[in-house]
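# Structure at a glance
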Amino acid sequence: MRVLCVAEKNSIAKSVANILGGGQVKRRDTKSKYIKNYDFTFDFGGYIGTAQVTMTSVSGHLTEASFPSEYNSWSSVPQDILFDARIITSVSKNANVLADNIKKEARNATYLYIWTDCDREGEHIGMEITNVARISNPQIRVIRADFNNLERKHIIQASKRPRELSKDAADAVSARIELDFRLGAIFTRLQTLQLQRAFEILQSKVISYGPCQFPTLGFVVDRWQRVEDFVPENFWSLKLVDKRERQTVNFTWKRNRVYDRLAAILFLEHCLDAKVAKVVKVNQKPTRRYKPLPLSTVELTKMGPKFLRISSKKTLELAESLYTNGFVSYPRTETDQFDSGMDLHGIIGKLTPSEDWGTFAQGLLDGNFRIPRKGKHNDRAHPPIHPISFVHRSALQSQDHWRVYELITRRFLACCSENAIGAETIIELQMGDELFSQKGLIILERNYLDVYPYDKWTGTGQLPAYQVGEEIMPNMLNIIDSVTTSPSYLTEPELIALMDVNGIGTDATMADHIEKVQEREYVVKRKKRGAATEFVPSSLGIALAKGYDEIGLEWSLTKPFLRKEMEVQLKNIETGHLDRDALVQMTLSQFRDVFHLTKQRFDCLKNSCRLYLIELNEG
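The chain is annotated in an unreviewed UniProt entry as DNA topoisomerase from Schizosaccharomyces osmophilus.

Once that is clear, we can look at the packing of helix α6 (residues 213–229) against helix α13 (residues 492–501). At a minimum axis separation of 10 Å, α6 and α13 run at an interaxial angle of 125°. Taken as axis vectors, α6 and α13 run oblique relative to one another. Here α6 and α13 pass one another in a crossing that is right-handed. Facing Thr216, Phe219, Val220 and Arg223 of α6, the residues of α13 in contact are Glu494, Leu495, Leu498 and Met499. Among the residues forming the contact of α6 with α13, the class breakdown is 5 nonpolar, 1 polar and 2 charged.

Okay, the domain arrangement of the chain next. Under the domain assignment, the chain is made up of domain 1 (2–62 + 71–165), domain 2 (171–229 + 489–618), domain 3 (234–291 + 422–483) and domain 4 (297–415). One C-alpha centre belongs to domain 3, the other to domain 4, and the line joining them spans 39 Å. With 9 residues of domain 3 at the contact, the number on the domain 4 side is 15 residues. Among the residues of domain 3 in contact with domain 4, Lys291, Val451 and Tyr454 are the three that bury the most area, contributing 70% of the side total. The interface formed by domain 3 and domain 4 contains 5 residue pairs in polar contact (both at pLDDT 80 or more).

The next thing to look at is helix α16 (residues 561–574). Between the first and last C-alpha of α16 there are 20 Å, a value that for 14 residues agrees with the 20 Å anticipated at 1.5 Å per step. The inward-facing, buried residues of α16 contact α3 (120–136), α5 (167–198) and α17 (580–600).

All chains considered together, the criterion is met by 27 aromatic pairs. Aromatic side chains Tyr113 and Trp115 sit 5.4 Å apart centroid to centroid with 40° between the ring planes, which places their arrangement in the tilted category. On the basis of relative accessibility, which here comes to 0%, the residue Tyr113 falls in the buried class. Pairing Trp357 with Trp402 gives two aromatic rings, centres 5.6 Å apart and planes at 10°, and the pair type is stacked. Of the two residues, Trp357 sits in the loop between α10 (344–350) and α11 (358–368) while Trp402 sits in helix α12 (residues 399–415), which places them 45 residues apart along the sequence.

Turning to unusual backbone geometry, a few remarks are in order. In this model, Arg246 sits at a positive phi of 60°, which is unusual for a non-glycine residue. Looking at the secondary structure, you find Arg246 in the loop between β9 (234–244) and β10 (247–253). Overall, the relative accessible area of 91% leaves Arg246 in the exposed class.

The next thing to look at is the packing of α6 against helix α14 (residues 510–519). α14 packs onto α6 with a crossing angle of 75° between their chain directions and a minimal axis gap of 9 Å. Of the possible angle classes, the one that applies to α6 and α14 is roughly perpendicular. Of the residues in α14, those touching α6 at Gln213, Thr216 and Leu217 are His513, Ile514, Lys516 and Val517.

Strand order in this open sheet of 6 strands is β2-β3-β4-β1-β7-β8, and the pairing throughout is mixed. Taken across any chain shown, the strands that pair with only one partner, and hence form the sheet edges, are β2 (26–29) and β8 (141–144). Ignoring strand direction, the axes of neighbouring strands in this sheet form an average angle of 25°. Contacting β1 (2–7), β2, β3 (36–43) and β4 (50–57), helix α2 (residues 96–106) crosses the sheet at an angle of about 160° to β1.

With that out of the way, let us pick up the UniProt feature "domain: Toprim" (unreviewed entry) in the chain. With numbering matched to this structure, UniProt assigns "domain: Toprim" (unreviewed entry) to residues 2–148. What you have in residues 2–148 is 27% helix and 29% strand, and the ends, taken at the C-alpha atoms, are 25 Å apart.

Moving on to the sheet that holds strand β12 (residues 420–431). Taken in spatial order, the 7 strands of this open sheet run β14-β11-β12-β13-β10-β9-β15, and their pairing is antiparallel. Taken across any chain shown, the strands that pair with only one partner, and hence form the sheet edges, are β14 (471–472) and β15 (476–483). Examined bridge by bridge, β9 and β15 share 8 bridges and lie antiparallel to one another. Among the inter-strand pairings, Leu240 is bridged to a residue of β15, identified as Leu477. The strands touched by helix α7 (residues 261–274) are β9, β10, β12, β13 (434–445) and β15; relative to β15, the strand with the most contacts, the crossing angle is about 170°.

This next bit is on the nonpolar core. By size, the foremost hydrophobic cluster in this structure holds 70 residues, and its most contacted members are Met55, Trp115, Phe147, Tyr405 and Leu413. The dominant element in this core, judged by the number of residues it contributes, is α12, at 8 residues. Leu413 has contacts with Ile348, Leu351, Trp357, Phe360, Ala361, Leu364 and Val451, leaving out every residue within four places of it along the chain. Membership of the second largest hydrophobic core comes to 66 residues, among which are Leu202, Val523, Val536 and Phe595.

A few words on the environment of Tyr38. Counting through the fold element by element, Tyr38 comes out in strand β3. Judged by its relative accessible area of 5%, Tyr38 falls in the buried class. Once the C-alpha coordinates of Tyr38 and Thr54 are considered, the two residues, 16 residues apart in sequence, prove to be 5.4 Å apart. Not counting the four nearest positions on each side in its chain, Tyr38 is found in contact with Asn10, Ala13, Lys14, Ala17, Val25, Lys26, Arg27, Val53, Thr54 and Met55. A distance of 3.5 Å separates the side chain of Tyr38 from the side chain of Asn10, its partner in a polar contact.

Reading the values: rules and limits
Residues numbered from 1 in each chain as written. Predicted model: local features only at pLDDT ≥ 70, side-chain atom pairs only at ≥ 80, totals over all residues. Heavy atoms only, no water. Axes fitted to C-alpha atoms, helices over the stretch in contact; angles between N-to-C directions. Helix = DSSP H or I, 4+ residues; strand = E, 2+ residues; numbered from the N terminus. Parallel < 35°, antiparallel > 145°, perpendicular 65-115°, else oblique. Left-handed = near helix turned anticlockwise from the far one by under 90°. Contact = heavy atoms within 4.5 Å. Nonpolar A, V, L, I, M, F, W, Y, C, P; charged D, E, K, R; others polar. Domains from an automatic or database assignment. Buried area = accessible area lost by both parts, 1.4 Å probe. Polar contact = N/O pair within 3.5 Å; in protein donor to acceptor, adjacent residues only side chain to side chain. Expected span 1.5 Å × (residues − 1). Phe/Tyr/Trp six-rings, centres within 6.5 Å; stacked < 30°, edge-to-face > 60°. Buried < 20%, exposed > 50% of the residue type's maximum accessible area, 1.4 Å probe, protein only. Pairing = 2+ DSSP bridges. UniProt positions renumbered as here; feature names shortened; annotations may be inferred. Core = buried A, V, L, I, M, F, W, Y, C linked by side-chain atoms within 4.5 Å.

Next comes the structure, spelled out in C-alpha cells:
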C-alpha cells in the first residue's frame, strides 16, 4: 500500500512527515529547490493500515485562470465580450514542476491524502491537487486530513480520521476566482484604456480594478472626505468643582455642551441663582472589566498594527511562520469560542516554564482558571488562535516573531482568567435645573490584566464621601469654551473593522487587499504623531472614487454593498444552499448593468481625474 500526502506548503509537509515518520524519514529533492519529498512508513489504522508514505507539497494554488489567446488584445476586444468568454483553468507556469512531481508520485499510489489548510481556500487547492494526480492515476482514492495545528498528538489523531474534501467549499472558491478574474479584467481594461487616452500622466499606468480593492479604497476616501469637510465649531460647557477631604472633584455637566454662548450664560446664571448644589444620587456598585474573547484572525490583524506597530499583513505572516513551526494553532480562523472538549489546562501547563508568564499560568492551574467567554463566531473548522507549545524568545527568528507569539499567548492566558473586578461610585448633583455627575473607580482585583498589558483599566481613586440630600457650595462654577476637533484619517485597525463588518474579503484576505490598494498607489500609509499610522487616499484614488460616485450607479463600485452580497452568497455555496453557477450568472448580470452605465457615463471619471490629478495640483 502506498499513500501520497500533499500539504499546502513545504514547511507543513516537513513537520507532518517528521511527526508521522517518527524521525525515520528519508528526504528526496524535487525539480523545485523549495519543495522536497519525504518518505517514511506509517500505520494509518482503519482501512488503510500500514503504508509506504511520500509526503510532499505545493506552494499555494496550482492553477490560474486565463482567457483564450483571441481575447488577449486589450484594444481590439470589446470589454463586455469577456462576460461570456470561455475561461481556461490550467497549471500556472510557476507550478509546473510541482504538478509534475505530484503526477509522478501519484502514479503508483493507492491513496491521495490531502493535507492542505482546513479552510475554504485549502479545499479548493485540494481539488486542484486531486485533478493533477488523476492525470497519471485516474483510480487514485482521495481522502482529506482535518487538522488545525502541528502538535504531535493532534497530527497523529488527524491522520487516522480522514474525511472527504468539501466540494461545496471548493465551489465557493471557484466562483469567487471566476468572478474576480472576469470583473477584474473587464473593468481594468475599461479604466486603463479610457484614462490612458485622456491623460498623459496615466499613459504608462495600469488602472487596476478589484472587487475588494475598490470598496477598501472607498472606506479610505469616505474618511478623507469627512476630514476635508470638517469645519470647527465653538462650543461651551459648564464646569463645577468641589474640594473636600483634600481632593478636587471635577463634576461633568449632564448636557455636556451647547453651541450657543448666550445659552451657556443663561444656564450658568440659573445655577448661580440656586447658590448651592444638592446631592441627589450616590450610587455605589461593583463593576468589572471583561476579559477578552478568544483570538480570531480579524482581531489579530487589528491588534498587530495597534499594539505592535506591525502591519496587518506582516502580523499574519509572522503568525503563519509560528504555526508552521508548531508554536501556535492555525492563524486563519473566524472562530472566537473554544470548544468545550478542548484541553485548555494541558495548553496552560506547557506555558508554565516561561519567565514572563509562567507564574500566572501556574496560578490558573492552581485554581484561578475560569472558562473562556464565547463569542458569536464559529467557522466549525478551526479553534481560536492559541499557543501550542512554549518557545523561548531566543529560539525565534526575530523580535517581531516573539512579539506576535507573546500577544497570542498572553491573549490565551487572559481568556482563561477571571474578569477584572472594581468598585464604582457615581455622585450626581443638582444645581437649579442642571445636573452634574462624577464617577470614581477603584480596581479591587486585576486578574486577567496582570498578564494582558494590551488592555488598560485605570482606577480614578476613591471619591470623598457624599450623602444624598447634602447641600454643597461649589468651589468653582464657570463656563469652559472649546472647539470641536477634526476626525482623524483611518488607521489600519479601523479599516479592518470596516472591512469586517461590511463583508469585504475574508478574515484571511483583508490584509492582502489593504496591501493591494497601496501597491496600486490608490492609498498611502503614513505615520501619525507617535508611532501609529494612518491611511490617506492618493489623488488617483480620490479621482476614481469620486468619479464612480458621480456616475450615479445604484451601488457604486467603491461602496461595499455588491461585494458584501457576493460574500454572503459564497457562504451559501459553501454550506450547500446555493448552486455555484447560479451565483456566477446572477452576479455577472448585476455587473453587466454596472458596466454599461459606467461606459456610457465614463466622462464622470475623466472629469474627476482632470480635477484631482491636474487642476487641483496646478492650483
